[in-house]
Amino acid sequence: MDRDSVEVFLPDPDDCYERLRRARFGATVSCVYCGESDPVIKKGTTGKGAQQYRCKECETYFNDLTNSFFEHRKFPIEEMFYMIKEMRSVPTAQIASDLQRDYEAVLNFRHDLQELCGELTELTLSDVCEADEIYVTAGEKGIEKEDEEESPRERGLKKKGRGSFESDKPPVVTLVRRSDGRVEFLVRENLQDVDEEIAEKGDETVILCTDDYTIYDDIDEYDGIDAHLAITHDDTYVIGDAHVNSCENRHSFLRQWLAKFRGVSKHHLQGYLNFLGLLLNDSADWFSKILSYESSR
Ligand SMILES: [Zn+2]
């Protein structure tokens, strides 16, 4: 689609700050350093239009952006809000061109955002969970293809053939906690030690459903995993809990998601999947999750 002539409608900066405040502080602004709200008074605005505050308790100044994801960025707040929303479905080059901004700067913003999404999607495994692998085409840089239509059979064969990070088919392990459907994607150079990594996410009550790939053999010997149900992909019927249907469902979202970007770099694949994880896990309030993020510095 030709978007060259698209006019960009940016949100009102005051509305952005109001939304950011509401997500971060609720009705009353509290000090980002001591957490108290009573001694906080308004004290002008910053050059970027953020409300500035003074805390009489700890005698510090802070503003709407302090310790948020939006602090120390060169973009104005309304462009950052616009970019984040667009980044769900629009390639970086297009966003940069729409805003007439430097591509590298927008790309760096995307990578930072996607790293943050990783923190927001870390999963603790408990009760019945699933793990399954998928191999994604992703090279050194983004490539202008990806996602040719394949039959499920072809996909299955490809999966059995397996890929590798070096051959631009990095493996991704998808974890789903079945009680609430939350997902985490792990992009790895290889899957050799991924069983230990999965087990470390377990709280010892985990019944883990996987396929019969040997990497999961004996995973229940780790403390984090209570039991392991391995199924073969030749099984026609789902037997009780023993299936990875939730993972397969997430894999179809994963394919659709990556196709929007017409290929991503394998070095940033984890980031894209972090963002997807946030969208799947918090579909109603994913944006508020980003707004209310407090950096731990
Ligand atoms: Zn304070």
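Think of each chain on its own: its residues are numbered from 1, step by step along the sequence as written. Only residues with pLDDT of at least 70 are given local features in this predicted model, and only at 80 or more are side-chain atom pairs given and counted; all residues enter the totals for whole chains, interfaces and linings.

Only buried residues count toward a nonpolar core: Ala, Val, Leu, Ile, Met, Phe, Trp, Tyr and Cys, linked into one set through C-beta atoms within 7 Å. Counting other C-beta atoms within 10 Å of a residue's own tells you its class, since 20 or more makes it buried, 12 or fewer makes it exposed, and anything in between is partly exposed; those C-beta atoms are placed from the backbone. Ranked by size, the top nonpolar core spans 37 residues in total, and within it Cys129, Leu175, Leu208, Tyr272 and Leu273 carry the most contacts. Looking at this core, the elements with two or more residues in it are strand 4 (128-135), strand 5 (171-177), strand 6 (182-187), strand 7 (206-211), helix 7 (245-260) and helix 8 (269-281). In terms of residue count, helix 8 provides more of this core than any other element does, seven residues in total. Judged by nonpolar contacts, the second largest core, of 18 residues, contains Tyr17, Leu65, Tyr82 and Ile290. Starting at the N terminus, helices and strands are each numbered in turn, a helix being any DSSP run of H or I of at least four residues and a strand any DSSP run of E of at least two.

Glancing now at the packing of helix 3 (residues 92-99) against helix 4 (residues 103-120). One way to put it is that helix 3 packs onto helix 4 with a least axis distance of 9 Å and a crossing angle of 125 degrees. As the angle between them shows, helix 3 and helix 4 are arranged oblique. For the crossing formed where helix 3 meets helix 4, the hand is right-handed. Of the residues in helix 4, those touching helix 3 at Thr92, Ala93, Ile95 and Ala96 are Tyr103, Val106, Leu107 and Arg110. Note that Gly is not counted as nonpolar here; it falls among the polar residues with everything else outside the nonpolar set of Ala, Val, Leu, Ile, Met, Phe, Trp, Tyr, Cys and Pro and the charged set of Asp, Glu, Lys and Arg. Classifying every residue of the contact of helix 3 with helix 4 by side-chain character gives six nonpolar, one polar and one charged. Orientation is described by lines fitted to C-alpha atoms, with helices fitted over the stretch in contact, and by angles between N-to-C directions that extend from 0 to 180 degrees. Roughly parallel means an angle under 35 degrees; roughly antiparallel means over 145; roughly perpendicular covers 65 to 115; every other angle is labelled oblique. Crossing handedness follows the turn of the near helix against the far one: under a right angle anticlockwise gives a left-handed crossing, and clockwise gives a right-handed one. We call two residues in contact whenever the C-beta atoms placed from their backbones are within 7 Å.

Let's shift gears to the sheet that holds strand 2 (residues 51-55). The sheet built from three strands is open, its strands ordered 1-2-3 with antiparallel pairing. Edge positions in the open sheet fall to strand 1 (40-45) and strand 3 (60-63), since each of these has one partner strand only. Across the sheet, the mean angle separating the axes of adjacent strands is 30 degrees when strand polarity is ignored. Strands are labelled as partners when DSSP assigns at least two bridges between them.

A few words now on the pairing of strand 3. The sheet contact formed by strand 2 and strand 3 spans four bridges and is antiparallel. Note that in strand 3 the partner of Cys55 across the bridge is Thr60.

As a further point, take the sheet that holds strand 6. Read from one edge to the other, the open sheet built from five strands follows the order 6-5-4-7-8, with strand pairing classed as mixed. Edge positions in the sheet fall to strand 6 and strand 8 (225-231), since each has one partner strand and no second. Averaged over neighbouring strand pairs, the angle between their axes works out to 25 degrees when direction is ignored. Summarising the sheet, strand 7 and strand 8 pair through six bridges and their orientation is parallel. Of the residues in strand 8, the one forming a bridge with Asp211 is Ile231.

Looking now at unusual backbone geometry. Working note: non-glycine residues mostly have negative phi, and peptide bonds are mostly trans. Positive phi is not limited to glycine here, since Asp127 has a value of about 55 degrees. Inspection of the secondary structure assignment puts Asp127 in the loop between helix 4 and strand 4. Residues other than glycine seldom take positive phi values, yet Glu204 does so here, at roughly 80 degrees. Here Glu204 is to be found in the loop between helix 6 (194-200) and strand 7.

Right, let's talk about the confidence of the model for the protein chain for a bit. pLDDT measures how confident the predictor is about each residue, on a scale from 0 to 100. Of all residues in the protein chain, 89% attain a pLDDT of 70 or more, and the chain-wide mean is 89. Of the regions scoring below 50 in pLDDT, residues 143-150 engages in 13 contacts with residues more than four places distant in sequence or in other chains. Low pLDDT (under 50) marks residues 153-159, which in the prediction has five contacts with non-local residues, meaning those over four places away or in another chain.

On to the environment of Gly224, then. Tracing the sequence through the fold places Gly224 in the loop between strand 7 and strand 8. In the structure, Gly224 is positioned 98 residues away from Ser126 in sequence and 9.0 Å away in space, judged by C-alpha atoms. Sequence-distant contacts of Gly224, defined by excluding residues within four places in its chain, comprise Ala199, Glu200, Lys201, Gly202, Asp203, Glu204 and Val206.

In contact at an axis separation of 8 Å, helix 4 and helix 8 are set at 55 degrees when each is read in the N-to-C sense. When the interaxial angle is binned, helix 4 and helix 8 end up oblique. Taken as a pair, helix 4 and helix 8 cross one another with a handedness that is left-handed. Seen from helix 4, the contacting residues are His111, Gln114, Glu115, Cys117, Gly118 and Leu120; seen from helix 8, they are Gly271, Tyr272, Asn274, Phe275, Gly277 and Leu278.

Turning next to helix 7. Multiply 1.5 Å by the residue count of a helix minus one, and that product is the helix's expected span. With 16 residues, helix 7 extends 24 Å between its outermost C-alpha atoms, agreeing within 8% with the 22 Å of an ideal straight helix rising 1.5 Å per residue. Within helix 7 the residues assigned to the buried category are Ser246, Cys247, Arg250, His251, Leu254 and Leu258. In an axial view of helix 7, the angular spread of the buried residues amounts to 135 degrees, which keeps them on one side of the axis. In this structure, helix 7 carries Ser252 and Gln256 as exposed residues pointing more than 90 degrees from its buried face. As for helix 7, its buried residues are in contact with strand 4, strand 5, strand 6 and helix 8. Phi for Arg262, located one or two positions after helix 7, is positive at around 50 degrees. Each C-beta atom gives one direction from the helix axis, and the arc is the one those directions make.

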